[in-house]
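# Descriptive analysis of the structure
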Amino acid sequence: MERLKVLVRRRLPEAVEARLAASFDATLNPDDAPIPRPALEAAVRGCDVLVPSVAEPVDAALIAAAGPRLRLIANFGVGVDNIDLDAARAGRIAVTNTPGVLTEDTADIALALVLMAARRLGSAERALRRGEWRGWGPTDRLGASLTGKTLAIVGMGRIGQAVARRARALGMRIDYHNRRQLDAETEAALAARYRPDLDAMLADADVVSLHAPATPETHRLLDRRRIGLLRREAFLVNTARGALVDEPALIAALEAGAIAGAGLDVYADEPRLDPRLLALENVVLLPHLGSATVETRTAMGMKVVDNIVALAKGRDLPDRVV
Ligand code: DGY
């Protein structure tokens, strides 16, 4: 197997780093320190494979700076919106990602946000910690019941379907919108109803959960107009990408009480948060935790290594995006 030179931008789980170090000439980042741009450009120029995570942009200028040696960008993550795919294509550089292994954990976080938002768990916990709990009260901190309510899933790929399975266990009804309708068997197994008209689905929903990738087509899919379609009692959950939502319009809707609440794991400009979000009690905020378990992050890393091994052995890349 060819001993490729691999540049890894972030610290990765131990087992993944051990495998990378054993198989390749790997430059790891044990301190998880940001690499300054000029040093990064110089380092990329000398490597065959670049391993960014979803938090590191790989823009056209970096790809241009890489020069002819770079053959693969093996993204640590399933979303590839951090990478300029057109520039990679133009430079004949392959791009791979890590699909499949983060489905269940990400769906767990979506479900957690559904529960936290609907039952107002974040604000209740904060109040308790501040010593504001006066004891049980018949009308205190009432949330919304989920049983029998409609969950509208936007993007019914692996994660959307995993969320549907979990929500069924809560007794929720499932509507979904997707580029194409699922086959009848999958629909029946999930008891999910296809809604070709996204606007109509949003207008009916009790909870909306986003599971589409960030692409030019999905940019601000939930724009001001569509946010305006949501019912006053509705909750919005986003574990996909901040770019899917017009964040200022969402904040305005939350501030005005035009929707009941939101649960967010992703933001328009991570890791910066709009301070108005921090001031709102009807939104639950998590720091992009969807895939954050030891098991899943290790499995993601192993997929990264599998793709590099395939390149080194001259085989088809198992998770090729470009
Ligand atoms: C991904 O892989 O795209 C996720 O957002 C990481 O949690």
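What you see is a predicted model, and the numbers here were worked out from it, not measured in a lab. (Residues numbered from 1 in each chain as written. Predicted model: local features only at pLDDT ≥ 70, side-chain atom pairs only at ≥ 80, totals over all residues. Heavy atoms only, no water.)

## Topic: helix α11 (residues 247-256)
Residues of α11 that are buried: E247, A249, L250, I251, A253 and L254. Those residues of α11 that are buried are in contact with α10 (224-227), β10 (235-238), β11 (261-264), α12 (275-278) and β12 (283-285). Note on α11: the residue one or two positions beyond its end, G257, has a positive phi of about 70°. (Buried < 20%, exposed > 50% of the residue type's maximum accessible area, 1.4 Å probe, protein only. Helix = DSSP H or I, 4+ residues; strand = E, 2+ residues; numbered from the N terminus. Contact = heavy atoms within 4.5 Å.)

## A word on the layout of surface pockets
Space inside the second largest pocket adds up to approximately 430 Å³. Its residues assigned to classes, the lining of the second largest pocket shows 7 nonpolar, 2 polar and 6 charged. (1 Å grid on protein atoms, 1.4 Å probe; cavity = no way out; pocket = protein on both sides within 12 Å on 5 of 7 lines; lining within 4 Å. Points joined across faces, edges and corners; volume = space filled by probe spheres on them. Nonpolar A, V, L, I, M, F, W, Y, C, P; charged D, E, K, R; others polar.)

## Focus on the site of the ligand
Lining the immediate surroundings of the ligand are V54, G77, V78, G79, L102, R241, H288, S291 and M300. Within the backbone of G79, one N or O atom sits 2.9 Å away from an oxygen atom of the ligand. One of the side-chain N or O atoms of S291 is found 2.7 Å from an oxygen atom in the ligand. Here the ligand, which alone exposes 230 Å², has 91% of that area covered by the protein. The residue inventory of the shell around the ligand, partitioned by class, reads 4 nonpolar, 4 polar and 1 charged. (Near = heavy atom within 4 Å. Polar contact = N/O pair within 3.5 Å; in protein donor to acceptor, adjacent residues only side chain to side chain. Areas by Shrake-Rupley, 256 points an atom, 1.4 Å probe, with all protein chains shown as cover.)

## A word on the sheet that holds strand β1 (residues 5-8)
Pairing is parallel in the open sheet, where 5 strands are placed in the order β2-β1-β3-β4-β5. Strand pairing shows two members of the sheet lacking a second neighbour, β2 (25-27) and β5 (94-96), which therefore form its edges. Strand-to-strand, the axes of this sheet are offset by a mean angle of 20°, without reference to chain direction. Bridge count for strand β4 (residues 72-74) against β5 is 3 bridges, and the pairing is parallel. (Pairing = 2+ DSSP bridges. Axes fitted to C-alpha atoms, helices over the stretch in contact; angles between N-to-C directions.)

## Brief notes about the domain arrangement of the protein
Domain parsing of the protein yields domain 1 (5-101 + 294-312) and domain 2 (103-285). Look at where the C-alpha atoms of domain 1 and domain 2 centre, and you get two points 31 Å apart. Counting from both sides, the interface comprises 7 residues of domain 1 and, opposite them, 5 residues of domain 2. Carbon and sulfur atoms supply 39% of the area that domain 1 and domain 2 bury against each other, a total of about 490 Å² over both sides. (Domains from an automatic or database assignment. Buried area = accessible area lost by both parts, 1.4 Å probe.)

## A word on the nonpolar core
Judged by nonpolar contacts, the single largest core of 51 residues is most densely connected at F24, V49, V51, M156 and I308. Looking at this core element by element, the count peaks at 8 residues for helix α13 (residues 294-312). Composition of this core by domain shows at least three residues from each of domain 1 (5-101 + 294-312) and domain 2 (103-285). Discounting chain neighbours no more than four positions away, the residues touching I308 are L4, V6, L20, F24, V49, V51, L72 and A74. (Core = buried A, V, L, I, M, F, W, Y, C linked by side-chain atoms within 4.5 Å.)

## Regarding the sheet that holds strand β6 (residues 150-154)
Across the sheet, 7 strands lie side by side as β8-β7-β6-β9-β10-β11-β12; this open sheet has parallel pairing. Every interior strand has two partners, whereas the edge strands, β8 (192-194) and β12, have only one. Mean inter-strand twist for the sheet, computed between neighbouring axes without regard to direction, equals 20°. Of the pairings in the sheet, the one linking β10 to β11 comprises 4 bridges and is parallel in character. By the bridge assignment for β11, F235 is matched with G261. Against the sheet, helix α5 (residues 103-118) makes contact with β9 (207-210), β10, β11 and β12, and its axis sits at roughly 150° relative to β10, the strand it touches most.

## Comments concerning the packing of α5 against helix α7 (residues 158-169)
Contact geometry for α5 and α7: axes closest at 8 Å, N-to-C directions at 55°. By the criterion of interaxial angle, the relationship of α5 to α7 is oblique. Here α5 runs over α7; the crossing is right-handed. Contacts from T103, E104, T106, A107, D108, A110 and L111 of α5 reach α7 at R158, I159, A162, V163, R165, R166 and A167. When its residues are assigned to classes, the contact of α5 with α7 shows 7 nonpolar, 2 polar and 5 charged. (Parallel < 35°, antiparallel > 145°, perpendicular 65-115°, else oblique. Left-handed = near helix turned anticlockwise from the far one by under 90°.)

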